[in-house]
Amino acid sequence: MARQIKRIYRSRRNRMIAGVCGGIAEYIDWDPTIVRLLYVTLSVFSAAFPGILVYLIAWLIIPGDFEGGL
């Protein structure tokens, strides 16, 4: 029985800007709204977490979900 490798992709269905938080939510099987709220909360209340820069880097690194349908 072959094991399928789970990969992270930017979401096409659960996207607000680029689908990064939606893709993370699909990967960990959480609600995208919770992931977005956690991300914004961490970005606002932590001076050591440059949220916008991390999001932009994730946008460049995480591939898009080209196989998923709308």
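In this convention, every chain numbers its residues from 1, walking through the sequence in written order. Side-chain atom pairs in this predicted model are given and counted only at pLDDT of 80 or more, local residue features only at pLDDT of at least 70, and totals for whole chains, interfaces and linings cover all residues. Based on all heavy atoms of the structure, the side-chain values leave hydrogens and waters out of the count.

Can you walk me through the environment of tyrosine 39 in this structure?
Numbering of helices and strands runs from the N terminus; a helix is a DSSP stretch of H or I covering at least four residues, while a strand is a stretch of E covering at least two. Among the secondary structure elements, tyrosine 39 is positioned in helix α2 (residues 32-45). With 27 residues separating them along the chain, tyrosine 39 and arginine 12 place their C-alpha atoms 19 Å apart. Tyrosine 39 has contacts with Cys21, Phe49, Gly51, Ile52, Val54 and Tyr55, leaving out every residue within four places of it along the chain. Any two residues whose heavy atoms approach within 4.5 Å are treated as being in contact.

Sorry if this is basic, but what is going on with the nonpolar core here?
Generally speaking, nonpolar side chains in soluble globular proteins are found buried as a group. Buried Ala, Val, Leu, Ile, Met, Phe, Trp, Tyr and Cys residues that are joined via side-chain atoms within 4.5 Å together make up what is termed a nonpolar core. Three exposure classes are used, based on accessible area relative to the maximum for each residue type with a 1.4 Å probe and protein chains only: buried under 20%, partly exposed in between, and exposed over 50%. Listed in full, the 9 residues of the largest apolar core are Ala18, Val20, Cys21, Ala25, Val35, Tyr39, Tyr55, Ala58 and Ile62. At the level of secondary structure, the elements contributing two or more residues to this core comprise α1 (20-28), α2 and α3 (51-61). Here the element with the most residues in this core is α1; it accounts for 3 residues.

Help me out: how do you make sense of unusual backbone geometry in this one?
Trans is the common state for peptide bonds, and a negative phi is the common state for residues other than glycine. The residue aspartate 29 is not glycine, and still its phi comes out positive at about 60°. Secondary-structure assignment places aspartate 29 in the loop between α1 and α2.

How should α1 be read in this particular structure?
One turn of the α-helix equals 3.6 residues, which is why residues spaced by three or four share an orientation. Those residues of α1 that fall on the buried side of the exposure criterion are Val20, Cys21, Gly22, Gly23 and Ala25. A positive backbone phi angle near 60° is found at aspartate 29, which sits one or two residues after α1.

Is there a simple way to think about the confidence of the model for the protein in this case?
Predicted coordinates in areas of low pLDDT are best not read in detail. Per-residue pLDDT for the protein has a mean of 86; in total, 91% of the residues score no lower than 70. Think of pLDDT as the predictor's per-residue confidence, scored from 0 to 100. α1 holds the highest mean pLDDT among the elements of the protein, 93, whereas α3 holds the lowest, 91.

What is the right way to read the environment of arginine 12 from this model?
With respect to the helices, strands and loops of the structure, arginine 12 is situated in the segment before α1. Judged by relative accessible area, arginine 12 falls into the partly exposed class, the value being 30%. Taking the C-alpha atoms as reference points, arginine 12 and glycine 23, separated by 11 residues in sequence, lie 8.2 Å from one another.

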